[in-house]
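Next come the chains, spelled out residue by residue.
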Amino acid sequence: MRRSVRGAMALGTSAVVLVGGLVGSTTMAAADPSPTPTPTYKQVTLSPEESQQLCAVKLPKLIERREKLAKRISGGADVKGSVAWLKARAEKQKAKGHDKIAAQLEKRAERRSGRLEQLATMKTKLETFKTQHCQAVK
């Protein structure tokens, strides 16, 4: 019997300490009214080697990736992932009587067609960056 009393005392004491710590930490967090400051960013300066890497390797890959994605999205019904492919799948689902799935596919097709606008702005940003920052210094 003595062991069970000691165990109960130890368990009760650790529970009181744990709960006290939790209550204390939550009241401290609730008492802190200062909002989280918005992060500030410093200007990034690249070394010549880093800018060469960016202009020669990374930027062309980004441009190529954007081109592939735009080509796939605007492809025909036989191109997997295109808007036309999604619409064709939706029509097949409607023909089978799966209206809910067809509606979901239509929504995906609408969202994906909106991506073309984003890709167009991305293209202009990438090309602008390339002309401004990736010119050989004479």
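The sections below set out a description of the structure shown in this document.

Rules used throughout
Residues numbered from 1 in each chain as written. Predicted model: local features only at pLDDT ≥ 70, side-chain atom pairs only at ≥ 80, totals over all residues. Heavy atoms only, no water. Core = buried A, V, L, I, M, F, W, Y, C linked by side-chain atoms within 4.5 Å. Buried < 20%, exposed > 50% of the residue type's maximum accessible area, 1.4 Å probe, protein only. Helix = DSSP H or I, 4+ residues; strand = E, 2+ residues; numbered from the N terminus. Contact = heavy atoms within 4.5 Å. Axes fitted to C-alpha atoms, helices over the stretch in contact; angles between N-to-C directions. Parallel < 35°, antiparallel > 145°, perpendicular 65-115°, else oblique. Nonpolar A, V, L, I, M, F, W, Y, C, P; charged D, E, K, R; others polar. Disulfide = S-S within 2.5 Å. Patch = residues over 30% accessible without salt bridge, like charges linked within 9 Å, V, L, I, M, F, W, Y side chains within 5 Å. Areas by Shrake-Rupley, 256 points an atom, 1.4 Å probe, with all protein chains shown as cover. Salt bridge = Lys/Arg side-chain N within 4 Å of Asp/Glu carboxyl O. Lys, Arg positive; Asp, Glu negative; His and termini not counted. Charge placed at Lys NZ, Arg CZ, Asp CG, Glu CD.

Quick notes on the nonpolar core
Part 1 of the argument: Ranked by size, the top nonpolar core spans nine residues in total: Ala70, Ile73, Val83, Leu86, Ala90, Ala102, Leu105, Ala109 and Leu119.
Part 2 of the argument: In terms of residues, this core owes the most to one element, helix H4 (residues 99-133), which gives four residues.
Part 3 of the argument: Setting aside residues no more than four positions away along its own chain, Leu86 makes contact with Leu105, Arg108, Ala109 and Arg112.

Let's talk about the packing of helix H3 (residues 83-96) against H4
Part 1 of the argument: Two numbers describe how H3 lies on H4: the axes approach to 8 Å, and their chain directions differ by 170°. Taken together, H3 and H4 sit at an angle that is classed as roughly antiparallel. Mapping the contact onto sequence places Val83, Leu86, Lys87, Arg89, Ala90, Glu91, Gln93 and Lys94 in H3 and Asp99, Ile101, Ala102, Leu105, Glu106, Arg108, Ala109, Arg112 and Ser113 in H4.
Part 2 of the argument: For the contact of H3 with H4, the class distribution of residues is seven nonpolar, two polar and eight charged.

Here we look at the state of the cysteines
Working definition: the covalent bond between the sulfur atoms of two cysteines is a disulfide.
Part 1 of the argument: Under the criterion given, the structure shown has one disulfide.
Part 2 of the argument: Between the sulfur atoms of Cys55 and its disulfide mate Cys134 the distance is 2.0 Å. Torsion about the S-S bond of the Cys55 and Cys134 cystine: about -75°, corresponding to left-handed handedness. Remark: Cys134 occurs in the segment after H4 and Cys55 occurs in helix H2 (residues 48-73); sequence separation between them is 79 residues.

Points about a positive patch on the surface
Part 1 of the argument: Side chains of Lys80, Arg89, Lys92, Lys96, Lys107, Arg108, Arg111 and Arg115 sit close together on the surface and give a patch of like positive charge.
Part 2 of the argument: Going through the elements one at a time, H3 and H4 are the ones with two or more residues in the positive patch.
Part 3 of the argument: Counting residues per element, the positive patch draws most heavily on H4, which supplies four residues.
Part 4 of the argument: Its location among the elements puts Lys96 in helix H3.

Notes on the pattern of salt bridges
Part 1 of the argument: Counting across every chain of the model gives three salt bridges.
Part 2 of the argument: Residue Arg66 is joined to Glu67 by a salt bridge in which the shortest nitrogen-to-oxygen separation is 2.7 Å.
Part 3 of the argument: What makes Arg66 buried here is its relative accessible area of 8%.
Part 4 of the argument: With relative accessibility at 34%, the residue Glu67 sits in the partly exposed group.
Part 5 of the argument: The salt bridge partner of Glu67 is Lys123, with a shortest N-O separation of 3.9 Å. With Glu67 in helix H2 and Lys123 in helix H4, this pair connects stretches of sequence that are 56 residues apart.
Part 6 of the argument: For Lys123, a relative accessible area of 37% gives the class partly exposed.

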